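Breakdown of the fold
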Amino acid sequence: MSAVLPPTAAVVIVGGGILGCSIAWHLARKGQPDVVVLERNDLGSGATSRSAGLVARGRLHAPTLALVRRTREAMAELEAGLGEPVGFRRVGSVRVASSEERAAELATMDGWLADSGVAVRSLDASGARSLVPWLDASQARRISYVEDDGYVDAYQFASAYARAARALGVRFLVRTGVEGLLIAGGRVTGVRTSTGNIHAGAVVDAAGAWGIGIAEGAGHALGTAPVRSHYWITAPQPDWPREHPIVYLPDARAYARPEVGGLLLGVQEPRSRTYDARRLPADIADFPLTDPDDDFTVLADNAPALRPYIPDLDRLPLAHHITGLSTYTPDGRFLIGRAGPQEGFFVAGGCCGTGVSASGGIGEALAGVVLGEAPAADLADFRPERFGAIDPYGEAFRRRCAATRAPASCGRASARARAAGCRGHHGGGDDAPGAERLLQEDHPEDRREDDAAFAQRRDLRHRRERHRVHDDRIAEQHERAAGEPVLPVPAHRHRHRAPALRVSHGAHDDAGEKAQGGHVAHGVAAPAHAQPVDHRARWRW
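Residues numbered from 1 in each chain as written. Predicted model: local features only at pLDDT ≥ 70, side-chain atom pairs only at ≥ 80, totals over all residues. Heavy atoms only, no water.

**Regarding helix H2 (residues 62–82)**
Since the α-helix advances by 3.6 residues per turn, residues separated by three or four positions end up pointing in the same direction. Counted only if it meets this: Elements are defined by DSSP. Helices are runs of H or I of four residues or more, strands are runs of E of two residues or more, and each kind is numbered from the N terminus. To estimate how far a helix should reach, multiply one less than its number of residues by 1.5 Å. To sort residues, take the accessible area from a 1.4 Å probe on protein chains only and compare it with the maximum for the residue type: under 20% means buried, over 50% means exposed, and anything in between is partly exposed.
Counted at 1.5 Å a residue, the expected span for H2 with its 21 residues is 30 Å, and the 30 Å between its end C-alpha atoms agrees. Within H2, burial applies to Pro63, Thr64, Leu65, Leu67, Val68, Arg70, Thr71, Arg72, Ala74, Met75 and Leu78. Immediately downstream of H2, the backbone of Gly83 shows phi near 70°, a positive value.

**Description of the pattern of salt bridges**
The criterion, for reference: Salt bridges, as used here, are contacts in which a Lys or Arg side-chain nitrogen is within 4 Å of a carboxyl oxygen on Asp or Glu.
Per the stated rule, a full pass over the model turns up 29 salt bridges. The shortest N-O distance in the salt bridge between Glu77 and Arg70 comes to 2.9 Å. On the basis of relative accessible area, Glu77 is assigned to the partly exposed category, the value being 31%. Relative accessible area serves as the criterion here: at 6%, Arg70 is assigned to the buried category. A salt bridge links Glu269 to Arg228; its shortest N-O distance comes to 3.3 Å.

**Let's talk about the sheet that holds strand E8 (residues 150–152)**
Note the following rule: Note: two strands are recorded as paired if DSSP finds a minimum of 2 bridges between them.
One open sheet accounts for three strands, arranged E3-E8-E4; its pairing is antiparallel. Since the sheet does not close on itself, it has two edges, and those belong to strand E3 (54–55) and strand E4 (88–89), each with one partner. With two bridges joining them, E4 and E8 adopt antiparallel strand pairing. Residue pairing in the sheet places Phe88 in a bridge with Val152 of E8.

**Describing the side chain of Ser93**
Definition in use: Here a polar contact is taken to be a pair of N or O atoms separated by no more than 3.5 Å, where protein atoms must pair a possible hydrogen donor with a possible acceptor and residues adjacent in sequence count only if both atoms sit in side chains. In what follows, a contact means two residues having at least one pair of non-hydrogen atoms within 4.5 Å.
Mapping Ser93 onto the fold places it in strand E5 (residues 93–97). Owing to a relative accessible area of 1%, Ser93 belongs among the buried residues under this scheme. Within the local environment of Ser93, its side chain forms a polar contact with the side chain of Asp149, the two groups lying 2.6 Å apart. Here Ser93 is in contact with Ser144, Tyr145, Val146, Asp149, Pro245, Ile246 and Tyr248, once residues within four sequence places are set aside.

**Here's the deal with the environment of Gln156**
Checked against the element boundaries, Gln156 lands in helix H5 (residues 154–167). Given a relative accessible area of 17%, Gln156 falls into the buried group. Through-space distance from the C-alpha of Gln156 to that of Ile18 is 9.6 Å; in sequence the pair is 138 residues apart.

**Topic: unusual backbone geometry**
Of note in this structure, Arg253 is not a glycine but carries a positive phi near 55°. Position of Arg253 among the secondary structure elements: in the loop between strand E14 (246–249) and strand E15 (254–259). Positive phi, close to 55°, is recorded for Cys352, a residue that is not glycine. Along the chain, Cys352 falls in the loop between strand E19 (345–349) and helix H8 (359–370). When its relative accessible area of 9% is taken as the criterion, Cys352 is described as buried.

**Remarks on the packing of aromatic side chains**
What describes a pair of aromatic rings is the distance from one ring centre to the other and the angle between the planes of the rings. Put simply, the rule is: Pairs were defined over the aromatic rings of Phe, Tyr and Trp, the Trp ring being its six-membered one, requiring ring centres within 6.5 Å. Orientation was assigned from the angle between planes: stacked under 30 degrees, edge-to-face over 60, tilted for the rest. Two limits define a charge over a ring: the Lys NZ or Arg CZ must be within 6 Å of the ring centre, and within 35 degrees of the ring normal.
Inspection of the entire model under this criterion finds five aromatic pairs. With a centroid separation of 5.7 Å and an interplanar angle of 40°, the aromatic rings of Phe334 and Phe382 are classed as tilted. With Phe334 in the loop between strand E17 (318–328) and strand E18 (335–338) and Phe382 in the loop between H8 and helix H9 (395–405), the pair connects residues that are 48 residues apart, well separated along the chain. The rings of Trp25, Phe157 and Tyr161 are connected pair by pair, giving a single aromatic cluster. Stacked on the ring of Tyr248, the Lys or Arg Arg95 has its end atom at 3.9 Å from the ring centre. Across from the ring centre of Tyr393, 4.3 Å away, lies the NZ or CZ of Arg278, which sits over that ring.

Here it is as structure tokens:
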């Protein structure tokens with residue numbers, strides 16, 4: 001990558017995550033290669049590298065589905081052009097609904113997907129188990145399977161966007177921070193960086209949580225807030241297949257997908273943490289997103305809901321806890337288009353946890369807007385100004401954004417949540433108002449146990465035993481890296497070995513001890529932000 005800051009460019013993109021790389025590639029393939037992407041850290045080193053990478057069609061919003069469809073098309077185009085995979089694993093997805101309410105919702109979704117041209121079929125419990133051996137769906141009222149879904153190594157996918165863009169002439173500058181916007185005559189005319197100014201005909205804000213401050217410089221209050229996301233990874237299980245469908249468990253407010261012979265397990269808390277974007281450091285690796293005691297309580301509280309689906313839950317050693325920042329909007333939909341009172345300023349953000357799966361569609365749509373083309377997709381629902389006058393830093397607005405994530409996990413307050421309209425759609429922004437009311441209430445029964453009870457839980461920890469793991473795919477990654485990749489591998493991806501934890505589970509101690517418990521995220525060693533689990537020894541107290 002060039003380290004020389006050019007004086008001018010047709011388009012400057014602020015932010016080198018998966019959205020910035022996708023927009024750059026789409027601009028270049030539309031005939032505008034005079035693009036500079038600025039990233040103050042390493043490309044793909046923020047939210048992108050911490051993503052679970054789910055690429056699924058299960059949503060009830062036609063414009064969003066169109067964006068996801070474009071992402072799948074982009075994958076095929078990138079693989080054909082680059083002659084190498086982008087990291088997508090077409091494993092399918094299984095959705096299991098056990099309650100009448102969730103089954104009705106799933107039936108509606110299945111019908112809508114079928115009408116949209118997505119192949120979806122119903123399964124019985126034995127059919128689901130044949131696809132996912134660890135899954136017990138015997139109590140399910142409805143099970144759906146979409147064969148074309150899957151998951152992707154988001155970092156590798158972002159690298160593919162960047163490699164293809166660079167081949168078309170796009171320039172990428174890392175370790176180059178944007179300090180402000182250049183404005184003249186009622187339009188944004190470029191950016192001021194840590195090493196000088198670049199004048200541009202258009203500036204695209206794709207900086208994720210940090211994009212809120214960038215947009216403020218253009219006079220636009222960006223309608224999104226940083227919301228923490230997190231998931232756990234188990235140690236590999238030798239008797240489980242290394243690949244199987246993604247599993248969505250809406251009644252348990254959870255999802256799972258394969259991860260190097262183990263499970264990547266996402267459990268959503270009833271009150272997601274939000275942050276004032278002004279207080280975020282330049283590098284999220286320097287920001288404390290974890291609270292070991294509190295975070296594990298979320299998982300422990302959800303264990304009773306998970307056990308019916310995962311009979312082996314209590315014997316699974318937990319290896320790592322991954323945390324990151326997503327940007328959520330009050331209605332659960334993206335921000336795509338021109339923003340603010342100044343001409344020449346565009347935004348792409350508010351990913352609501354699904355930015356990777358929609359990255360191709362967002363990149364194509366935003367590139368079209370910048371170039372003045374007729375939109376390839378209906379973008380009316382994604383207009384950046386739709387929330388009106390807001391304070392993106394205020395606690396009240398941040399609660400509204402966090403509530404968008406809450407419908408899929410209303411915690412122990414599920415009855416109240418349903419009464420408030422929190423129906424539990426995965427990412428269902430339409431339910432946000434009900435969830436918001438729930439978050440604003442004070443429910444003593446949802447508070448953490450008193451100090452004595454919490455201390456008793458904490459005392460159940462077993463002494464850690466660290467051991468090191470290695471996966472042969474790490475060597476493959478570094479062999480490919482020998483050819484001077486477009487994306488410099490971030491420091492947290494260079495680890496060849498990662499500390500892991502053997503979690504004692506009574507009679508299953510031997511199995512836990514034999515398991516190679518290190519997380520190999522998408523084929524590379526556990527990143528530095530992956531926290532080895534050092535909490536309680538058992539799921540059941």
